[in-house]
Every structure is written in structure tokens, then in C-alpha cells.
Amino acid sequence: MAELFNLSLYSDANLKGYWRLNGNSTASVGGINGSDTSISYIGGKYAEGALFNGSSSKIVVADNNAWSIPTTGKLSIAFWAKGTSLKGNNTACMKGTDTGNQYEYRVNFCNSAGQAGFEIWDLTGNQRYNTTTSSDFIKAGQWYHVVVTVDDSIAWANTNAKIYINGSDASATYAGSSSYTLSNGTAALELGRRSDSVNVFFDGELDDFSAWDDVLTLAEIKALYADGGLLHNDFI
């Protein structure tokens, strides 16, 4: 396995934000560096990764429409994660806040039952898409590759947004409602914190975090997980 930095997918024009988390949260793609609070960099999935203490750690990346879904109607988020413990709202990333109605999306690495999932909201917090994997899907102390893809450019179906774990469709339970419309918000993208009033911090490590303004294919997801060295345009 190799980090995205060493794959041909690194040159993909749809890659809009990439943070290797190799000793810092400097952006390798996208030009918007993270701002760290209480982050330690230790041995990660590749070289170093970002360690979050579960109580105050976060990396804040300023708002950019490139990682808001309505800009192209599409979004993919990919990263490696390892939870120190299983706890509720162990959020890997969130873009949104309830201050001023700026909800967009949240990827929950796990809850206390070991379920991964995500929520994608309209600006007021109504769920257009929602998913949860089966229980005991995530174990503490193990690395997992997580990808969430969203295609809101086509007719609504609750399976337009999907979650993949370790290169495979997680066969999750999908829900949501077409009654709600997505809009670009102005909140920052925060790694390691549920950034609304719930205010829960991630307990574990994150590594090789990327954001794309397109829907990664299954072949591309497998390449990210297992180093297939494939180009996005090879599958269009």
C-alpha cells in the first residue's frame, strides 16, 4: 500500500484538497493549510499521522466551495483512520455548524457500537442523505480506509451517497429525504471534531485525508486502498 502522494491519482484534476498529515496539516493540494489545536504527529498509516486526544484536538481547514457538494453536485472524501476507543459521535470530519444554519455534512468514523456512517444535511440540519453500517464493523486499534461518495447531480435516491470501508462497499443502511435541498455553506471543514453544539472530539489517528469534487469509482477506491496506481480518467 502507498499513500495518495505516491499514486497516479495524485495528479487527478478532481482532487481539490489533500492533507498528508505527515508531521503537519500543510495542504499538498488545494493551497489551504490546516490550523492545528492539540495535535500530535506520531507513527501513522504512512510515516506520520495526526493523533487526536478525544477532548480538544482538531484541525480546521478554512471554507472552500471545492469541498461543498452543490459546487459540482458531487463529492468524495477519503482518509485512513484508527480509533483509540469506540465512542458515540467519533467524528472524523465535519463541514457545518448550527450557528447561523450552516450544516453541510459529517463523516462519523464510529459510534460506541462500532458503526461507521455519515450525515448530509441542508443548511438547517435536515438529512438529505444518511447511512449507518452494521454493528461491530469498526474495531478499536485498527486502521481502516474510509471513502464517502455523494452524487447529488442526478435524480435523488438514498443510495446516491455511499460509504466504502477498506476498498469495498460497506453494504450500509441508507436513508434520507428528497424533500431537503443542499446548499453551499460557509463553515470550515474540521477534522477530528463534530463542529456543531454536540461538540464531540475524535479519539484516535487520521492520515492521508483527501477531498474530491467528483464521485470516485469503485476501481479508484480500490486503488486508493490497495495502491492500484490508477488514473481517474481511465474509468470515465
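For the structure itself, look to the data block above.
Just so it is clear, the structure is predicted and the values come from calculations on it, not from any experiment.

Visitor: Is there a simple way to explain the nonpolar core in this structure?
Guide: One recurring pattern in soluble globular proteins: nonpolar side chains tend to sit buried together. Residues Trp-67 and Ile-163 are the most contacted members of the largest nonpolar core, which totals 45 residues. Of all hydrophobic cores here, the second largest spans 15 residues; its members include Leu-7, Leu-15, Ile-221 and Leu-224.

Visitor: Just to check I follow, could you spell out the pairing of strand 6 (residues 58-61) for this structure?
Guide: Strand residues, when the strand is regular, have side chains that alternate between the two faces of the sheet. Side chains of strand 6 alternate between two faces, with Ile-59 and Val-61 buried and Lys-58 and Val-60 left unburied. The sheet contact formed by strand 3 (residues 35-37) and strand 6 spans three bridges and is antiparallel. Note on strand 6: the bridge partner recorded for Asp-36 is Ile-59. Bridge analysis of strand 6 against strand 16 (residues 189-191) gives three bridges, and the strand direction is antiparallel. Residue pairing in the sheet places Val-60 in a bridge with Glu-190 of strand 16.

Visitor: Help me understand the side chain of Ser-25, please; the structure alone is not making it clear to me.
Guide: Looking at where Ser-25 falls in the secondary structure, it is placed in the loop between strand 1 (15-19) and strand 2 (27-29). Since its relative accessible area comes to 4%, Ser-25 is described here as buried. Reaching out from Ser-25, the side chain makes a polar contact with the side chain of Asp-36 at a distance of 2.6 Å. Not counting residues up to four positions away in its chain, the partners in contact with Ser-25 are Trp-19, Asn-33, Gly-34, Ser-35, Asp-36, Tyr-41 and Ile-59.

Visitor: Got a minute to help me understand helix 1 (residues 218-226) in this structure?
Guide: Three or four residues apart is the spacing at which side chains of an α-helix point the same way, because the helix has 3.6 residues per turn. Within helix 1, the full set of buried residues consists of Glu-220, Ile-221, Ala-223 and Leu-224. All buried residues of helix 1 project into a common sector of 155 degrees when viewed along the axis, lining one side. Contacts from the buried residues of helix 1 go to strand 7 (74-83), strand 12 (143-151), strand 13 (161-165) and strand 17 (203-212).

Visitor: Quick question: what am I supposed to make of the pattern of salt bridges here?
Guide: Across all of its chains, the model carries eleven salt bridges by this definition. Across the pair Lys-74 and Asp-214 runs a salt bridge whose closest N-O atoms are separated by 3.7 Å. Separated by 140 residues along the polypeptide, Lys-74 in strand 7 and Asp-214 in the loop between strand 17 and helix 1 bring together distant segments of the chain. Asp-214 sits in the buried class, given a relative accessible area of 15%. One salt bridge in this structure joins Arg-193 and Glu-190, with 2.8 Å as the shortest N-O distance. Judged on exposure class, the residue Arg-193 and its partner Glu-190 are both buried. Through salt bridges with shared partners, a single ionic network connects Arg-106, Glu-119, Arg-194 and Asp-196.

Visitor: Explain the sheet that holds strand 10 (residues 117-121) to me, please; I cannot follow it from the model alone.
Guide: Where strands meet in a sheet, backbone hydrogen bonds hold them as pairs that are either parallel or antiparallel. Strand order across the open sheet formed by eight strands is 3-6-16-8-9-10-11-15, with antiparallel pairing between neighbours. A single partner strand is all that each edge strand has here, and the edge strands are strand 3 and strand 15 (173-175). Pairwise comparison of adjacent strand axes, ignoring direction, gives a mean angle of 15 degrees for this sheet. In the sheet, strand 8 (residues 90-95) pairs with strand 9 (residues 105-110) via five bridges, with the strands oriented antiparallel. Along strand 9, the bridge assignment pairs Thr-91 with Asn-108.

Conventions adopted
Residues numbered from 1 in each chain as written. Predicted model: local features only at pLDDT ≥ 70, side-chain atom pairs only at ≥ 80, totals over all residues. Heavy atoms only, no water. Core = buried A, V, L, I, M, F, W, Y, C linked by side-chain atoms within 4.5 Å. Buried < 20%, exposed > 50% of the residue type's maximum accessible area, 1.4 Å probe, protein only. Helix = DSSP H or I, 4+ residues; strand = E, 2+ residues; numbered from the N terminus. Pairing = 2+ DSSP bridges. Polar contact = N/O pair within 3.5 Å; in protein donor to acceptor, adjacent residues only side chain to side chain. Contact = heavy atoms within 4.5 Å. Arc of directions from axis to C-beta. Salt bridge = Lys/Arg side-chain N within 4 Å of Asp/Glu carboxyl O. Axes fitted to C-alpha atoms, helices over the stretch in contact; angles between N-to-C directions.

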